[in-house]
Amino acid sequence: MRTAALEPELEPGLEPEELTETKLTGERRHDTCLLNAEVRERSFVVMVMKRSRVLALLAGGIFCVALMSLYRMLELMQGAELQHAGNPPVVQEDEELSRLQQKIDRLEHLLSDNNRLVATLRDSLIPRKASWEKEGEGANVSSVSIHSSADELPGCRSAGNMKDGADGVQLLDVYDLLPFDNLDGGVWKQGFDIRYNGNEWDEQPLEIILVPHSHNDPGWLKTFDLYYQDQTRHILNNMLIKLSEDHRKKMIWAEVSYFSKWWNDIDEQKREMVKRLVGAGQLELVTGGWVMADEANSHYFALLDQLIEGHQWIQRHLGVKPRSGWAVDPFGHSPSMAYLLKGAGLSNMVIQRVHYAVKKQFAQQQTLEFQWRQSWDSSPRSDITCHMMPFYSYDVPHTCGPNPSVCCQFDFHRLPGGRVFCPWRIPPQPITEQNIQERALLLLDQYRQKSRLFRSPVLFVPLGDDFRFVESSEWDAQFNNYQKLFDYFDQHPELHVKAQFGTLSDYFQALERRLSAADTTLPTLRGDFFTYADRDDHYWSGYFTSRPFYKRLDRMLEATLRATEILFTLTLAEMRRFHGEGRVVAGFPADEHFQRLTAGRRSLALFQHHDAVTGTARDPVVVDYGIRLFHSILNLRQVLQSSAHWLLLLDKSLYHHDQSKPFLLMDDVISAHDALPQKTPHVLSDEPRPLIIFNPTEQLKTSVITILVDSLDARVVDAETGQPLAAQISAVWTEPSRASTEAFQFSFVAELPPLSLVVCHVSKASAGSSHRAQYTFHRRGNTPTVNTKQFQVSHVTGPDADKPVSLSNKHVQIWSSLETGLLQKLRLESGLVREVKIQFLWYGTRTRGNPDKSGAYLFLPGEEGAQLYSSSKPPLVRISRGPIFSDITSCYQHFTHTVRLLHLEGHAGKSLEISNLVDIRSEKNHELVMRLVTDVANGNRFFSDLNGFQMQQRRTLAKLPLQANFYPMTSSSFLQDSVSRLTLLSAQSQAVAALRPGELEVVLDRRLQQDDNRGLGQGVTDNKLTASLFQLLLEERGGGTQDVGGASVEHLSLLAHLSSLSLCHPPVTMVTHSNTKLPKLRPFRPLSSSLPCDVHLLNLRTLEDAQKAESPSQEAALLLHRKGFDCSTIPKPAPVCTWSVHEEVNLADLFSPLQFRSVRHSGLTLLREDDNEEPPRQQQPPQVTRLRPMEIRMWNYASTCPLKV
Ligand SMILES: [Zn+2]
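Residues numbered from 1 in each chain as written. Predicted model: local features only at pLDDT ≥ 70, side-chain atom pairs only at ≥ 80, totals over all residues. Heavy atoms only, no water.

Taken as a whole and judged by the stated rule, the model has two disulfides. Cys400 shares a disulfide with Cys407; S-S distance 2.0 Å. Judged by the torsion about the S-S bond (-85°), the Cys400/Cys407 disulfide is left-handed. There is a disulfide in this structure between Cys408 and Cys422, and the S-S distance comes to 2.0 Å. Taking the sign of the torsion about the S-S bond as the criterion, the disulfide between Cys408 and Cys422, at about -100°, is left-handed. Placement of Cys408 in the loop between helix H12 (404-407) and helix H13 (436-451) and of Cys422 in the loop between H12 and H13 is noted, with a sequence separation of 14 residues between them. (Disulfide = S-S within 2.5 Å. Helix = DSSP H or I, 4+ residues; strand = E, 2+ residues; numbered from the N terminus.)

With that settled, the discussion passes to the side chain of Thr970. Considering the arrangement of structural elements, one finds Thr970 in the loop between strand S37 (967-969) and strand S38 (972-976). Using a relative accessible area of 0% as the deciding quantity, one classes Thr970 as buried. A polar atom in the side chain of Thr970 sits 3.2 Å from the backbone oxygen of Ala296. Apart from the residues within four sequence positions on either side, Thr970 is in contact with Ala296, Asn297, Ser298, His299, Arg555, Asp945, Leu946, Asn947, Gly948, Ser986, Gln988 and Ser989. (Buried < 20%, exposed > 50% of the residue type's maximum accessible area, 1.4 Å probe, protein only. Polar contact = N/O pair within 3.5 Å; in protein donor to acceptor, adjacent residues only side chain to side chain. Contact = heavy atoms within 4.5 Å.)

For strand S44 (residues 1095-1104), a buried count of nine out of 10 residues is recorded, marking the element as mostly surrounded by other parts of the structure. Across eight bridges, the pairing between S44 and strand S45 (residues 1112-1122) is antiparallel. By the bridge assignment for S45, His1096 is matched with His1121. (Pairing = 2+ DSSP bridges.)

For the rest of this paragraph, the subject is the nonpolar core. Counting 264 residues, the largest nonpolar core has Phe259, Leu283, Tyr447, Tyr482, Phe529, Leu1120 and Phe1151 as the members making the most contacts within it. In contact with Leu283, not counting residues within four places along its chain, are Met239, Leu243, Met251, Trp253, Phe259, Val274, Leu277 and Val278. Among the nonpolar cores identified, the runner-up in size contains 30 residues, and Val716, Ala727, Cys760 and Val786 belong to it. (Core = buried A, V, L, I, M, F, W, Y, C linked by side-chain atoms within 4.5 Å.)

Time to look at the sheet that holds strand S14 (residues 664-666). Pairing is antiparallel in the open sheet, where five strands are placed in the order S14-S43-S17-S22-S19. Either end of the sheet is taken by a strand with one partner, and the two such strands are S14 and strand S19 (714-718). Across the sheet, the axes of successive neighbouring strands diverge by a mean angle of 35°, strand direction being ignored. Of the strand pairs in this sheet, S14 and strand S43 (residues 1068-1072) are connected by three bridges, and their pairing is antiparallel. When the bridges of S43 are listed, Leu665 appears paired with Val1071. Of the strands in this sheet, S14, strand S17 (689-694), strand S22 (757-764) and S43 are in contact with helix H18 (residues 619-648), which crosses S14 at around 140°. (Axes fitted to C-alpha atoms, helices over the stretch in contact; angles between N-to-C directions.)

In this section: the pattern of salt bridges. Within the structure shown, the criterion is met by 60 salt bridges. When salt bridges that share partners are traced, they join Asp411, Arg414, Asp465, Arg468 and Glu474 into one network. (Salt bridge = Lys/Arg side-chain N within 4 Å of Asp/Glu carboxyl O.)

Relative orientation of the contacting elements helix H6 (residues 224-245) and helix H14 (residues 472-491) amounts to 45°, with a least axis distance of 9 Å. Here H14 runs oblique to H6, going by the angle between their axes. Once H6 is placed against H14, the crossing between them reads as right-handed. For the pair H6 and H14, the contacting residues are Ile235, Asn238, Met239, Lys242 and Leu243 in the first and Ser472, Trp475 and Asp476 in the second. (Parallel < 35°, antiparallel > 145°, perpendicular 65-115°, else oblique. Left-handed = near helix turned anticlockwise from the far one by under 90°.)

Okay, the environment of Lys1132 next. Mapped onto the elements of the fold, Lys1132 is located in the loop between S45 and strand S46 (1144-1146). Sequence separation of Lys1132 and Ser830 is 302 residues, and the distance between their C-alpha atoms is 9.7 Å.

That bond from Phe530 to Thr531 is cis: its omega, 5°, falls within 30 degrees of zero. Among the structural elements, Thr531 can be located in the loop between strand S11 (524-526) and strand S12 (533-535). Positioned with a positive phi, Arg547 is a non-glycine residue whose angle comes to about 50°. Topologically, Arg547 is positioned in the loop between strand S13 (538-539) and helix H16 (548-579). One non-glycine residue, Glu1110, adopts positive backbone phi at about 60°.

Okay, the pairing of S43 next. Taken across its five residues, S43 has five buried, putting it largely inside the fold. Residue alternation in S43 divides its side chains into two sets, Val1068, Met1070 and Thr1072 and Thr1069 and Val1071, and both sets are buried. Relative to S43, S17 runs antiparallel, the two sharing four bridges. Bridge pairing links Phe694 to Val1068 in S43.

Bringing the sheet that holds strand S21 (residues 738-752) into the picture now. Pairing is antiparallel in the open sheet, where three strands are placed in the order S18-S21-S20. Two strands lie at the open edges of the sheet, namely strand S18 (701-709) and strand S20 (727-735), each paired on one side alone. Pairwise comparison of adjacent strand axes, ignoring direction, gives a mean angle of 30° for this sheet. Bridge count between S18 and S21: nine bridges; the pairing is antiparallel. Bridging from a neighbouring strand, Ser703 pairs with Ala750 of S21.

Turning our attention to empty space enclosed by the protein. Under the definition given, this model contains 19 cavities of 30 Å³ or more. Taken as a whole, the largest cavity holds about 260 Å³ of empty space. Per-element accounting of the lining of the largest cavity gives the leading share, four residues, to helix H19 (residues 1054-1064). Counted by class, the lining of the largest cavity contains seven nonpolar, 12 polar and three charged residues. (1 Å grid on protein atoms, 1.4 Å probe; cavity = no way out; pocket = protein on both sides within 12 Å on 5 of 7 lines; lining within 4 Å. Points joined across faces, edges and corners; volume = space filled by probe spheres on them. Nonpolar A, V, L, I, M, F, W, Y, C, P; charged D, E, K, R; others polar.)

In structure tokens, the structure reads:
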């Protein structure tokens, strides 16, 4: 997308396309350099101070660790002896042996821990070669925190060890340091005056790599298809002609969604030409993702999936592997993306939209190129070389050098007479013999200035913009004029410059050559680049929430896709086993299903585009995306239903596929792209009706399943055992106090083995036999009339009306205000009490003639800040109590809010479920926020996740405006102090902030009447009735003396991981189409036990057949993510799943009795063999492989596997 003007008022009447940084030739501030020097000096002092502190800490650390370990070893040994002595003489040998084994494991682990720790400490003391350190801007080492409770949770240590890597720059520290003063930098408005002598390149000439590019948004102002028709296909057609004309011409392309569409349109001859260009290095596919994905709202499942889809396409059709990443337009950058790119085999990446103050600081320090390291990684394993563009935008005016009015003159698409021109009012000139010297020197001056911001004499200069190179004439204007300039440089060796067109990999290869020749390395950096500001206080935190309805729909598709992928792959494997010949069952539409899967993958992939999931496209484009998501969910459901059908049949010969009359149907119906799912009531009879439940998680789960029935009395039994399941009947409220007389909620508790299909039978029960929920209603000053005959209703009156209302289960007790229905306090079984007050608030936007107001991208709240939500009518509060769950619902004008407590034994009973139904369609310029006000002493620190992959520490800084302190939250956020941690898990992406100590707030929806000048040209007023879902988990911390927020890296607790898994991947409920003459069904249980709690089955994805396109192959990609987890919150009792102290896992054990015929480790997008320390293993079982905490790994396995049942 196009960026807005830095000073838009200077150019009235410009088309939005022309708006760009405008006249910046104002008076230069002579004090800029001074100030810069001051900042540099200050940072130096801070660094030196940190260094000496760090050295002391390190020394102390080594001593402590050594002591602690010795002590611990002694303790363990003594413990073993004591225990031995205390045991009765007759002991079970097995028990003893396993105990001993555990102890040896622990000792072994402690030893390796210590070795690693000592190695880390030693490494950090070795003086480094990098000029970063030489300049004294030294390493910033945080203390290695050791949790006293680590030993109580074996396996924790390995995750804990990865905390707080010892070297490199942490962005959090940069934020602490920066003044965010936004000084006028002169021609480079957000930067500074760059000086050079002119002799810097005498020894090593300046090497310019000019990289032509065209940024093609897969939907923004136009839909994906319309952009393709109007622009993209012409760009690619011309690319083919122009690059073939001259081998010196080059180009990069990023969006495989467009490229693959174009590929389908061109003939074989042209395809061969494309392959030749790619082979010759003239055309490079960069990143190779389906889209240039958003990095704030996208979940890592979808980020990786769109990368796999793109890479698989490239490998199949072009036979190459992308090497460099290109992300010039996403609104902020996440290290999760860097991790995935590295895992997919890329070595380099470019990022662009970074806070202008950070860019300036990095430019001053010459750290715009760095090794981006994961915060949790103490090794360089995850490092990827990253280039950050220094200036305001990726267009030509902001990429040749610091002065946009000069650089614009070298965008030859803006030559006079064309449709676009330079807003700085100095047009480009065609290069002629008369002007070439002057032009070449003018451009060289910009190149030289820009080059001073980097450490090597090779300079990367992009050449392009949005939807560029559409017409043949544009190609000629750019390439011919630049070639003349390059030739001039060649003819003038005294200038010490060589320039050429190149690809991104050409640049990074040249960089690597130069760095290794100079025997230097790039500095290491940890952290993320949120929240982005492009100018002034314009922070892009609005899009973290914009169009929340579709952000939720995105995650529904994601969950449906993952569930379908896994079940489809298992079905094919089972079918091949059934046939014994690797064949699929006749009549099963495997190819059609695979095509539906592929379409579903591509819809989800397309929606990860940085104008799609972000909610920043025009209304009709949003509808286009919505319809794609909606259709994909429906199509994937067909695959899921049909796969489940075959798996469940006892007599497989009865399988018959009929698309118009499927055997199984989903329990809920989605009627349109902008409608919420609705459950349909089941007509019950004495005849048992099968209900199928699929558990898409890798864990044994106790779940509450709710269906709608037409009867007040129902019973449900496990079809296999005939055992009745605990159940409850609740009312369906058609209005806040009016219960349906025809439909009722029937909820029951089901035990769901991992990845299983469970069959239950529901039938009508004898009158009065079902447990009915009981209701209490309250509305201040106005006792509501409740319309229900079937349920017991009471009202609170008298002095009781002033008391809080309380609900509890075995693990937790909550208190809510009866007046508002909102939560006030939580108490754990252990006695720990925390105030947790839920509030709702409004944000408005700026007023009093301020032209800058909130829009799709920007959050620019009014000066008054958030205002407590108040309504003229007091809310109706409805409390339900039942044996399966109890809840409190508050019905306000703009939202319905429910807090639910499940009466379950396991971990599902430990968290509160919070659900909101928001409708702000009657509002103007309002944003609704849910805030938790607690007594957690977290100071100014909190944690929010990045893409659901990792946690990132956040510091709320008073020097930044309110909107800068909002961050993206994809799936979780927490506050903690030394005794407790309060985690909010979410099922959708939205903005999160902790503006004051103890507070945590999420933005639920935003309705904004105006455009915010970033090119969209409209407000956000297409709000829907929007659902949001959360889990709130309070946990005790055993960390004791640990510093509050001392460690910059934290992980979710095991319990939080499990809750998040349940929240994001809920059970799928299906019913049979008809109730008569049903064949016999039996449950499907592919795994004999749950996976370890910390191992997540990210996906099991069937691959396309290499020979037969659009057909499933016999191979699948197995993706596992080993989660890092926190050691200081100890679940009691321990979860049923286990975890291991070892990094090695045995795939055969994990997936027993599924057997893999062969397993091959590969990169994350299956492009390349992993070539690090492990030799590639074409293994026969046992398949032991390494999976480190936080690591995602992929294995390619042949699924002709025999599946034992
Ligand atoms: Zn874009």
